[in-house]
Amino acid sequence: MSTKFTLPPLPYAYDALGPYMSAETLEFHHDKHHQAYVTNGEKLLEGSGLEILPLEDIVKEAFGKNAGLFNNAGQHYNHVHFWNWMKPNGGGNKLPGKLQAAVDSDLGGFDKLRADFIAAGTTQFGSGWAWISVKNGKLEISKTANGESPLVYGGKPILGVDVWEHSYYIDYRNARPKYLEAWFDNLVNWEHVELLFEEATA
């Protein structure tokens, strides 16, 4: 199996994100859903002509040309980061200095960022994601359908939240806004966001 399509272990215990995300949700989401993207992506990569590329480039190259491979590679890329975008006792409104400065200048400050990010996730019709990304040197908030990400629209994701129902239905039923508020306020790993921000702006 290629290392590009390997299911990474969670960086915390299955019960570590409670009460905001349950062990049951993580067991289904990580062990079943993400595993399926890995398994299917590995099969679809064979013979695609993209085998030698890094995962990010596979996602970009498959977009609009190879739907099956894109869906699975895109979701694999999204989830590899999703697990790291969360941590126990995360959230809070104290951002690392450079990131805070960019949030202030590009997104109107932390409170507006929070409101706009949650609104993007709430208003994404059907399955998809809400994002903060770096595009043309500036932060922007967006939403995408299914397995798409800012990566295929010229951006570099630095924070994303999964709004597929399998990410929240066990814990929140159909209350997506409640899930998004709890996720943003209590789970976001701002250190991982800062790391990706620095890579995207280097």
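Calculation notes
- Residues numbered from 1 in each chain as written.
- Predicted model: local features only at pLDDT ≥ 70, side-chain atom pairs only at ≥ 80, totals over all residues.
- Heavy atoms only, no water.
- UniProt positions renumbered as here; feature names shortened; annotations may be inferred.
- Helix = DSSP H or I, 4+ residues; strand = E, 2+ residues; numbered from the N terminus.
- Core = buried A, V, L, I, M, F, W, Y, C linked by side-chain atoms within 4.5 Å.
- Buried < 20%, exposed > 50% of the residue type's maximum accessible area, 1.4 Å probe, protein only.
- Domains from an automatic or database assignment.
- Contact = heavy atoms within 4.5 Å.

The name recorded for the chain in an unreviewed UniProt entry is Superoxide dismutase, from Devosia riboflavina. As stated in UniProt under Sequence similarities (unreviewed entry), the record for the chain gives "Belongs to the iron/manganese superoxide dismutase family." Listed in UniProt under the heading Catalytic activity (unreviewed entry), the comment for the chain reads: "2 superoxide + 2 H(+) = H2O2 + O2".

Student: Break down the UniProt feature "domain: Manganese/iron superoxide dismutase C-terminal" (unreviewed entry) in the chain for me, with residues and values.
Tutor: UniProt records the feature "domain: Manganese/iron superoxide dismutase C-terminal" (unreviewed entry) for residues 97–194 in the present numbering. What you have in residues 97–194 is 46% helix and 23% strand, and the ends, taken at the C-alpha atoms, are 9 Å apart.

Student: Got a sec to walk through the environment of Glu198? Specific residues and values, please.
Tutor: With respect to the helices and strands, the residue Glu198 is situated in helix H8 (residues 190–201). Remark: the alpha-carbon pair of Glu198 and Asn66, spanning 132 residues in sequence, is separated by 31 Å.

Student: Which residues make up the nonpolar core, and what are the values?
Tutor: Judged by nonpolar contacts, the single largest core of 42 residues is most densely connected at Phe82, Leu139, Leu159, Tyr179, Trp183, Phe184 and Trp190. Among the elements of the structure, helix H3 (67–84), helix H4 (97–107), helix H5 (110–123), strand S1 (128–135), strand S3 (156–162), helix H7 (176–186) and H8 are those that each provide at least two residues to this core. When residues of this core are assigned to domains, at least three fall in each of domain 1 (23–85) and domain 2 (98–201). Not counting residues within four places of it along the chain, the set of residues in contact with Phe82 comprises Met21, His29, Trp129, Gly160, Val161, Asp162, Ser167, Tyr179 and Trp183. Formed by 14 residues, the second largest nonpolar core is a distinct cluster that contains Ala62, Leu69, Tyr77 and Leu151.

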